[in-house]
Amino acid sequence: MKNILFTLIFTFVISLTFAADFIKELENSIGRKECKVTYTLHLGDGKEQIFTGNDFSTGGIIEKGGVPIYFELYKGGGDKKQNIMININNAIYYKLNIEKVMGVWEYDFHFYYS
């Protein structure tokens, strides 16, 4: 019984650590101009929407009560301002792939929605 309880607590702590690392990497992703950064939204109907970090100039995490809710990306300013909001809170699953390809780091964020 102790082993099962320890395993459950350990798994919970590891998942919280991954979530915190994911949010930190997401928040830092807009400033990684020297890297290839993509954001892929996997929608419930099987469609995908892909955005790249180079398409946007600024962005950040929007929190409510200390909990990350959205990741917002901006491009331009004034009347020509464009933005997207990626809903972190409603994603049923998300993952991050980081790899170095031919000397360049690639960050690939995936968000899955039902």
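Up top is the structure.
Now for a look at the structure at hand. Along each chain, the written sequence defines residue order, and numbers are assigned to residues from 1. pLDDT decides what is reported in this predicted model: residues at 70 or higher carry local features, side-chain atom pairs at 80 or more are listed and counted, and totals for whole chains, interfaces and linings draw on all residues regardless. By convention in this description, side-chain values take in all heavy atoms of the structure and omit both hydrogens and water.

## Examining the packing of aromatic side chains
- Side-chain rings of Phe, Tyr and Trp (the six-membered ring for Trp) are treated as a pair once their centres are within 6.5 Å; stacked means planes under 30 degrees apart, edge-to-face means over 60, and tilted covers the remaining angles. What the rule picks out here adds up to seven aromatic pairs.
- Through successive ring pairs, a cluster of aromatic residues spans F22, Y39, F71, Y94, F109 and F111.

## Description of the pattern of salt bridges
- In what follows, salt bridge is the name for a side-chain nitrogen of Lys or Arg lying within 4 Å of a carboxyl oxygen of Asp or Glu. Scanning all chains against the criterion turns up one salt bridge.
- Notably, a salt bridge pairs E25 with R32, separated by 2.7 Å at the nearest N-O pair.

## Observations regarding the sheet that holds strand β3 (residues 58-64)
- One open sheet holds the three strands; their spatial order is β3-β4-β5, and the pairing between them is antiparallel. Each having just a single partner strand, β3 and β5 (82-87) make up the two edges of the open sheet. Shown here is a sheet whose adjacent strand axes are inclined to one another by a mean of 25°, direction ignored.
- Being paired, for any two strands, means DSSP has found at least two bridges between them. Secondary structure elements follow DSSP: runs of H or I no shorter than four residues count as helices, runs of E no shorter than two count as strands, and numbering proceeds from the N terminus. Here strand β4 (residues 67-75) pairs with β5 via six bridges, running antiparallel. Its bridge partner lying in β5, K75 is registered against Q82. Only the stretch in contact is used when fitting a helix axis, every axis being a line fitted to C-alpha atoms; angles between N-to-C directions are given from 0 to 180 degrees.

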